[in-house]
Number of protein chains: 2
Amino acid sequence: MAVTGGLEVLPVHGIGDVMPGDDLAGLIVGAAPWLRDGDILVVTSKIVSKAEGRLVEVPADGPEREAARAEVLAAETARVVARRGPTAIVQTHHGFVMAAAGIDASNIDKTHLVLLPADPDGSARALRAALAARGLAVGVIVSDTMGRAWRNGLTDVALGAAGIGPLRDHRGEIDPYGNELQLTEMAVIDELAAAGELVKGKCERVPVAVVRGYPGTGPADGPGAAALIRDPDSDMFSLGTAEARAAGLRDAARLPDAPGGGGPADPDAVARALAVVGDLLAPGTRVSEAPGTLRCAAPDDSPAALLRLGADVHRIRAALAAEGLGSATATDGATLVLTLTERQM
Amino acid sequence: MAVTGGLEVLPVHGIGDVMPGDDLAGLIVGAAPWLRDGDILVVTSKIVSKAEGRLVEVPADGPEREAARAEVLAAETARVVARRGPTAIVQTHHGFVMAAAGIDASNIDKTHLVLLPADPDGSARALRAALAARGLAVGVIVSDTMGRAWRNGLTDVALGAAGIGPLRDHRGEIDPYGNELQLTEMAVIDELAAAGELVKGKCERVPVAVVRGYPGTGPADGPGAAALIRDPDSDMFSLGTAEARAAGLRDAARLPDAPGGGGPADPDAVARALAVVGDLLAPGTRVSEAPGTLRCAAPDDSPAALLRLGADVHRIRAALAAEGLGSATATDGATLVLTLTERQM
């Protein structure tokens, strides 16, 4: 019984080892003479990197290898996102957030590391153009394996794409109940990369899969996989939890001695901040609250009590900052006076 | 030309609206009489929820609707992971990290919200058993749409699974160059869910896809999608960046006045901490360093200078904590003495 609207996901067998300078389009067409217009090729980034010569020579073992590898990682890293033990999650110069910047030592001899393609969207466009020159109108995805937050196991995603729209946008569509669909921009090239991975065995040398029957290919190269890179400023997870927590400690170390410049401080937020530190203040410390102001007085005016009050008030200011409140300190004899405002974020 | 080793991904048309109490196995077999042993069914969680009656009645609009929705969200939330404006990313009681706890108002009339299935692995097992009772030996995945860190666009992943191994483990395998493969546990049920999504149109009522030709099905239900839930303690992204940063500010507010109990403090870490605060200390403050100790003296012994020194030393202590160093404060007249150790994490 025929089912309409389905897809096929097909492995390309027999590509063999890819060497720098190899003509990938030629290797793929040779191994898959059955390719058709409208097919989407999901190409493992490693063979793209190899064909493009994105290899770095490193010692085969020993501490020299580790040192060389660390140097390569630093060169591929735009910023460190998170680190735990030997694992570094970094953002690459392309913008991808990946363990070890996607540098790979598998399926390559021990004296080389494989870097990601320098421009995976460009690689996808070039491969697509080379296939078009052979008379094949296909979409191309350059894929790699990535980890993710919150879920165990890795999946393949798209690093580069050409001839296939990266996102399928359902926003503004109306469901059968008359509700407008929201938040449903699907990252279809990542789903296509995942589907391709299912037929590519890591050790059986199937570096290319073909998705047949997906309607998304078009005449234009399109925006590519770069459209899937989220700007760190709009990313709620731009830093690892431990790294962000350390950044918060440094924020406390460098707390500006000025109000935030926003509106008057929310009394509930002030109460929450005082609850955080309440049990830690020196016994006998008097904290009196007026709208937008806290007056903090030590139990006596000994040097020890004044030193302690200075520290305790900085504790209070850190707790206020955690609530989004800015504070400015003034000294009134042996009393510290905090002026509070909402911080401008 | 026949290609061996491929997959088909087939839509199941004609399932129609699912109502509480409906027999999902019957609906699916009725719509897809072409199902075969070894097929993997990717079933949108929403129809599972509807069949199981996981609906909550809410007002159709107005502030009452928003209040009811907030109450439902709170009930479905085990902990808030991150919040920005109206968006809340939470961990559900199942352990999934999802926007709005996966609560859905689309493809349902305006007076109801759809919750996730209470036990998606259990739902997958029950559906698989019901299909087995009809003579079909298949794998079942219950899927839903999720966002992710770092990448734009959503993908479908597995919330539940039965009869299909959630992870394909390449660890310990040897590549053709003799390198042992590492870090390559593939989350195949997520990739199968993604492949299924490609053929399910959100508005065209195709809530079930079938993956045919994937070799992973077996006689046992297996561990299910619960195996993909990462323990927050081992997750480097268990909190949003802003939330973790605020937690760091609260850490500074509650800094324990005790050394960490680890080994002696790394002098490089001490130097980095002092560099963070160096330009903020009161002019004339004297900081003298000995192994494991910092002595901090105010420029004079006025109350203002002592209050300021107390705050400045708490700044230093927060910067030390950001470097993983614990500190204990002692007062020596008008001088504060910090004892430093590596913190036990």
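Every residue gets a number counted from 1 within its own chain, in the order that chain's sequence is written. Lettering of chains starts at A and numbering of ligands starts at 1, both following the order in which they are written. With pLDDT at 70 or above as the cut-off, local features in this predicted model cover only qualifying residues; side-chain atom pairs require 80 or more to be listed or tallied, and sums for whole chains, interfaces and linings still use all residues. Computation of side-chain values covers all heavy atoms of the structure but excludes hydrogens and water.

Per an unreviewed UniProt entry, the recorded name for chain A is Coenzyme F420-0:L-glutamate ligase/coenzyme F420-1:gamma-L-glutamate ligase, and the organism is Krasilnikovia cinnamomea.

A. Quick peek at the overall build of chain A. Numbering of helices and strands runs from the N terminus, with a helix taken as a DSSP run of H or I at least four residues long and a strand as a DSSP run of E at least two residues long. Within chain A, the secondary structure is distributed over eight helices and 17 strands. Just to be clear, the radius of gyration here is over C-alpha atoms, and the globule rule we use is 2.2 Å times residues to the power 0.38. Its C-alpha atoms give chain A a radius of gyration of 28 Å, more than 25% over the compact-globule value 20 Å for 345 residues. The buried share of chain A, taken over its 345 residues, is 53%. Between two residues, a contact is recorded if the distance between any of their heavy atoms is within 4.5 Å. In chain A, the proportion of contacts linking residues at least 24 apart, taken out of those at least 6 apart, comes to 64%. With residues, only the protein chains shown are counted as cover, and all accessible areas are computed by Shrake-Rupley using a 1.4 Å probe. When the accessible surface of chain A is summed, it comes to about 13,700 Å², and 55% of that surface belongs to carbon and sulfur atoms. Exposure is judged per residue with a 1.4 Å probe applied to protein chains only, and the accessible area is read against the type maximum: over 50% gives exposed, under 20% gives buried, and values in between give partly exposed.

B. Highlighting the sheet that holds strand 5 (residues 87-92) of chain A. All names here are of chain A. Pairing between strands requires that DSSP locate at least two bridges from one strand to the other. The sheet built from three strands is open, its strands ordered 4-5-6 with antiparallel pairing. Each edge of the open sheet carries a strand with a single partner, namely strand 4 (77-84) and strand 6 (97-99). The mean inter-strand angle of the sheet, taken between neighbouring strand axes irrespective of direction, is 30 degrees. Axis lines are fitted to C-alpha atoms, over the contacting stretch for helices. Their N-to-C directions set the angle, which ranges from 0 to 180 degrees. Relative to the sheet, helix 3 (residues 62-76) contacts strand 4 and strand 5, its axis offset from that of strand 4 by approximately 120 degrees.

C. Summary view of the side chain of A:Arg151. Here A:Arg151 shows up in the loop between strand 8 (139-146) and strand 9 (155-162). By the criterion applied in these results, polar contacts are pairs of N or O atoms within 3.5 Å in which, for protein atoms, one can donate a hydrogen and the other can accept it, and in which residues neighboring in sequence qualify only through two side-chain atoms. Only 2.7 Å separates the side chain of A:Arg151 from the backbone oxygen of B:Ala158, close enough to count as a polar contact. Those residues in contact with A:Arg151 that sit more than four places away from it in its chain are B:Phe96, B:Met146, B:Val157, B:Ala158, B:Asp190, B:Leu228 and B:Arg230.

D. Spotlight on the relation of the copies chain B and chain A. Copy-to-copy alignment: least squares on C-alpha atoms, limited to residues at pLDDT 70 or above in both. When chain B is fitted to chain A, the best match, at an RMSD of 0.1 Å, comes from turning it 180 degrees and sliding it 0.1 Å along the axis. Such values leave the two copies arranged in the relation of a two-fold axis. Comparing contact sets, 100% of the residues at the interface of chain B also lie at the interface in chain A, consistent with an isologous, same-surface contact.

E. Quick peek at the packing of aromatic side chains. All names here are of chain A. Think of it this way: a Phe, Tyr or Trp ring, Trp meaning its six-membered ring, pairs with another when their centres are within 6.5 Å, and the plane angle makes it stacked under 30 degrees, edge-to-face over 60, tilted otherwise. Under the definition given, this model contains two aromatic pairs over all chains. Taking 4.8 Å as the distance between ring centres and 75 degrees as the angle between the ring planes, the aromatic pair formed by tryptophan 150 and phenylalanine 237 counts as edge-to-face. Of this pair, tryptophan 150 sits in the loop between strand 8 and strand 9 while phenylalanine 237 sits in the loop between strand 12 (208-212) and helix 6 (241-253), and the two are 87 residues apart along the sequence. Take tryptophan 150 and phenylalanine 237: they sit in the same class, and that class is buried.

F. Structural view of the pattern of salt bridges. A carboxyl oxygen of Asp or Glu within 4 Å of a side-chain nitrogen of Lys or Arg is what we treat as a salt bridge. According to the stated counting rule, one finds 32 salt bridges over all chains in the structure shown. Between B:Glu323 and B:Arg272 there is a salt bridge whose closest N-O contact spans 2.9 Å. Separated by 51 residues along the polypeptide, B:Glu323 in the loop between helix 8 (303-322) and strand 16 (325-332) and B:Arg272 in helix 7 (residues 267-277) bring together distant segments of the chain. On the basis of relative accessibility, which here comes to 42%, the residue B:Arg272 falls in the partly exposed class. When salt bridges that share partners are traced, they join A:Arg148, A:Arg151 and B:Asp190 into one network.

G. Expanded view of the packing of helix 7 of chain B against helix 8 of chain B. Residue and element names in this part refer to chain B. Where helix 7 meets helix 8, the axes come as close as 8 Å, and the angle between the chain directions of the two elements is 130 degrees. When the interaxial angle is binned, helix 7 and helix 8 end up oblique. Helix 8 is crossed by helix 7, and the crossing has right-handed handedness. Here Val270, Ala273, Leu274, Val276 and Val277 of helix 7 come into contact with helix 8, specifically with Arg315, Ile316, Ala319 and Leu320. Its residues placed into classes, the contact of helix 7 with helix 8 shows eight nonpolar, no polar and one charged. Here the word oblique covers every angle except those under 35 degrees (roughly parallel), over 145 (roughly antiparallel) and from 65 to 115 (roughly perpendicular). Throughout, a crossing is termed right-handed when the near helix is turned clockwise from the far one, and left-handed when it is turned anticlockwise from it by less than a right angle. Each residue receives one of three labels: charged for Asp, Glu, Lys and Arg, nonpolar for Ala, Val, Leu, Ile, Met, Phe, Trp, Tyr, Cys and Pro, and polar for the others, Gly being one of them.

H. Structural context of the sheet that holds strand 8 of chain A. An order of 9(A)-8(A)-2(A)-12(A)-1(A)-1(B)-12(B)-2(B)-8(B)-9(B) is seen for the 10 strands of this open sheet, with the pairing classed as mixed. Since the sheet does not close on itself, it has two edges, and those belong to strand 9 of chain A together with strand 9 (155-162) of chain B, each with one partner. The sheet shows a mean angle of 25 degrees between the axes of neighbouring strands, taken without regard to direction. Here strand 1 (residues 7-11) of chain A runs beside strand 1 (residues 7-11) of chain B; their pairing, made up of three bridges, is antiparallel. Across the sheet, the residue bridging to A:Leu7 is B:Val9, located in strand 1 of chain B. The strands touched by helix 5 (residues 188-199) of chain A within the sheet are strand 1, strand 2 (40-44), strand 8, strand 9 and strand 12 of chain A together with strand 1 and strand 9 of chain B, with strand 9 of chain A carrying the most contacts at an inclination of about 120 degrees.

I. Structural context of the interface of chain B and chain A. Contact with chain B, which involves 121 residues of that partner, is made by 121 residues of chain A. At the boundary of chain B and chain A, one finds 10 salt bridges. If you look at where chain B meets chain A, you find 54 residue pairs in polar contact (both at pLDDT 80 or more). When residues of the side of chain B that touches chain A are assigned to their parent elements, the largest contribution, 14 residues, is made by helix 8 of chain B. When grouped by side-chain class, the residues that make up the side of chain B that touches chain A number 65 nonpolar, 25 polar and 31 charged.

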